[in-house]
Amino acid sequence: MSADAPTRWLITGAAGMLGRDLAEVLAEAGADVTALTRAELDITDADAVRAAVDGHDVVVNAAAWTDVDGAETEEAAATRINGDGPRALAAACAVTGAVLIQVSTDYVFPGDATEPYPHDAPTSPVNAYGRSKLAGEEAVLELLPERGYVVRTAWLYGAHGRNFVATMLSLAAQRETLDVVDDQRGQPTWTRALACQLRDLGAAAVRGEAPAGVYHGTASETATWCDLARATFELTGLDPERVRPTTSEKFVRPARRPSFSVLAHERWAEAGVAVQPHWREQLTEALKVMAPGAGPAPVEGGRSGA
């Protein structure tokens, strides 16, 4: 790549919520982007991966098994995508010299801390999904000790997929009140904000200015799911008191969820990349896209949980 040539990026899982935002952010920055969907590239196919990676400077793996509850009964299938897929990408990047950014999750931690998890905190997943994602992390760090980057994120929402904020917007038009858990704490993160951070990390990595390893890509400050739901209502002109706090015990799921998913951001300074804005600032900007012109409106429907 010449000094004045655009960086050549490959995005896997490009049809997903993060993949679509990343493709848009990179295109706006003038990068040369190849965006491949799951149908266009099976990341567990080593031969196809080698062919796809060739000719790119930065690879961002946004392809993943994301069905957290489904992974409890299909752990082998989840690990094939979340563990074997990143290993195939890392092996290809090791041959071509490309940088690999592996998008991972807060679920690699047990979720029982009282302070934000630093990047080097011991991992101990409490569910199958977390174990499958940790396998992918380990593969990237093992095969690409100098060009492998793991960016853990959490509580993602955006304009291009199913997510908590979109669900709240939908339910607001259907139900008078919503019960939302208030005993899980994390960092609600807009996919576009994360995409901008990944763009800057990849650019710094290509310049040799970002140390390889683990980073935490989440919004600044923390909230509960109830906080996020109430803020979504408030910022779209609805009464936040329609959202009522409840406990996780009321919504038992097959996969155990961590109660504390707060990640520390200290490593970004080493890479010269800014931390993400406050979660509420992100939500304010996101809702301009997700709920343009939203405001108070009559709501029909009975009381129910969400």
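Refer to the structure printed above.
Keep in mind that this is a model prediction, so the values were computed, not measured. (Residues numbered from 1 in each chain as written. Predicted model: local features only at pLDDT ≥ 70, side-chain atom pairs only at ≥ 80, totals over all residues. Heavy atoms only, no water.)

## Considerations on the overall build of the chain
Helix and strand content of the chain: nine helices and 13 strands. Since a compact globule built from 306 residues should have a radius of gyration of about 19 Å, the 19 Å found for the chain is in line with a globular shape. Structurally, the chain occupies a C-alpha span of about 60 × 40 × 35 Å along its principal axes. For the chain, buried positions account for 50% of its 306 residues. Here the analysis covers contacts within the chain between residues at least 6 apart in sequence; of these, 83% occur between residues at least 24 apart. Entry remark: accessible area of the chain is about 13,200 Å², with carbon and sulfur atoms responsible for 49%. Of the side chains in the chain, 27 bear a positive and 42 a negative charge, and the two mean positions are spaced by 4 Å. (Helix = DSSP H or I, 4+ residues; strand = E, 2+ residues; numbered from the N terminus. Rg over C-alpha atoms; globule rule 2.2 N^0.38 Å. Buried < 20%, exposed > 50% of the residue type's maximum accessible area, 1.4 Å probe, protein only. Contact = heavy atoms within 4.5 Å. Areas by Shrake-Rupley, 256 points an atom, 1.4 Å probe, with all protein chains shown as cover. Lys, Arg positive; Asp, Glu negative; His and termini not counted. Charge placed at Lys NZ, Arg CZ, Asp CG, Glu CD.)

## Concerning unusual backbone geometry
A positive phi angle is found at Trp-155, which is not glycine, with a value near 55°. Inspection of the secondary structure assignment puts Trp-155 in the loop between β5 (148–153) and β6 (156–157). One non-glycine residue with positive phi stands out, namely Glu-221, at about 65°.

## Some remarks on the pairing of strand β1 (residues 8–12)
Judged by how many residues are buried, β1 sits mostly within the fold: four of five residues are covered. Sheet analysis places β1 next to strand β2 (residues 32–36), joined by five bridges and oriented parallel. If you follow Arg-8 over to β2, its bridge partner there is Asp-32. With four bridges joining them, β1 and strand β3 (residues 58–61) adopt parallel strand pairing. In the strand pairing of β3, Thr-12 is matched with Asn-61. (Pairing = 2+ DSSP bridges.)

## Considerations on the environment of Thr-37
Looking at the element boundaries, Thr-37 is found in the loop between β2 and α2 (46–53). For Thr-37, a relative accessible area of 23% corresponds to the partly exposed category. For Thr-37, the contacting residues outside a window of four places in its chain are Ala-14 and Ala-15.

## Remarks on the sheet that holds strand β10 (residues 213–216)
Judged by pairing direction, the sheet is parallel, and its six strands sit side by side in the order β2-β1-β3-β4-β5-β10 without closing on themselves. Strands at the two margins of the open sheet, each flanked by one partner only, are β2 and β10. Pairwise comparison of adjacent strand axes, ignoring direction, gives a mean angle of 20° for this sheet. Packing of helix α4 (residues 128–143) onto the sheet brings it into contact with β4 (99–105), β5 and β10, and relative to β4 it is tilted by some 160°. (Axes fitted to C-alpha atoms, helices over the stretch in contact; angles between N-to-C directions.)

## Brief notes about the pattern of salt bridges
Pairing between side chains of opposite charge can happen when the charged atoms of each approach one another. Applying the stated criterion across every chain, the model contains 14 salt bridges. One salt bridge connects Arg-199 with Asp-200, and the closest N-O pair in it is separated by 2.9 Å. Overall, the relative accessible area of 24% leaves Arg-199 in the partly exposed class. Of the residues examined, Asp-200 reaches a relative accessible area of 31% and is grouped as partly exposed. With a shortest N-O distance of 3.0 Å, Arg-207 and Glu-209 are connected by a salt bridge. Linked through salt bridges whose partners overlap, the residues forming this network are Asp-69, Arg-253 and Arg-257. (Salt bridge = Lys/Arg side-chain N within 4 Å of Asp/Glu carboxyl O.)

## Looking at the packing of aromatic side chains
Enumeration according to the criterion identifies seven aromatic pairs in this entry. With a centroid separation of 5.6 Å and an interplanar angle of 85°, the aromatic rings of Tyr-107 and Tyr-129 are classed as edge-to-face. In this pair, Tyr-107 is assigned in the loop between β4 and α4 and Tyr-129 in helix α4, connecting sequence segments 22 residues apart. Just as Tyr-107 is buried, Tyr-129 falls in that class too. Considering the side-chain rings of Phe-164 and Trp-225, the 4.8 Å spacing of their centres and the 50° angle between planes classify their relative orientation as tilted. Of this pair, Phe-164 sits in helix α5 (residues 164–172) while Trp-225 sits in helix α7 (residues 225–235), placing them 61 residues apart in sequence. Feature note: the residues Phe-109, Tyr-117 and Phe-260 constitute an aromatic cluster, connected by ring pairs. Directly above the aromatic system of Tyr-215 lies the positively charged group of Arg-267, at a separation of 4.7 Å from the ring centroid. (Phe/Tyr/Trp six-rings, centres within 6.5 Å; stacked < 30°, edge-to-face > 60°. Lys NZ or Arg CZ within 6 Å of the ring centre and 35° of its normal.)

## Brief notes about the environment of Gln-187
Position of Gln-187 relative to the elements: it lies in the loop between β8 (185–186) and β9 (189–190). A sequence separation of 75 residues divides Gln-187 from Val-262, and the C-alpha atoms of the two residues are 6.2 Å apart. Apart from residues lying up to four places away in sequence, Gln-187 is in contact with Ala-154, Trp-155, Thr-218, Ala-219, Glu-221, Thr-222, Ser-261, Val-262, Leu-263 and His-265. Here the side chain of Gln-187 touches Ala-219 through a polar contact of 3.4 Å, landing on its backbone oxygen. At 2.8 Å, the side chain of Gln-187 forms a polar contact with the backbone nitrogen of Leu-263. (Polar contact = N/O pair within 3.5 Å; in protein donor to acceptor, adjacent residues only side chain to side chain.)

## Section: the packing of helix α3 (residues 75–96) against α4
For the pair α3 and α4, interaxial distance at closest approach is 8 Å and the crossing angle is 15°. Taken as axis vectors, α3 and α4 run roughly parallel relative to one another. In the packing of α3 onto α4, the handedness of the crossing is right-handed. Packed against α3, whose contacting residues are Glu-75, Ala-78, Thr-79, Asn-82, Gly-83, Pro-86, Arg-87, Ala-90, Ala-91 and Ala-94, the element α4 presents Ala-128, Tyr-129, Arg-131, Ser-132, Lys-133, Ala-135, Gly-136, Ala-139, Val-140, Glu-142 and Leu-143 at the interface. Along the lines of polarity and charge, the residues of the contact of α3 with α4 split into 11 nonpolar, five polar and five charged. (Parallel < 35°, antiparallel > 145°, perpendicular 65-115°, else oblique. Left-handed = near helix turned anticlockwise from the far one by under 90°. Nonpolar A, V, L, I, M, F, W, Y, C, P; charged D, E, K, R; others polar.)

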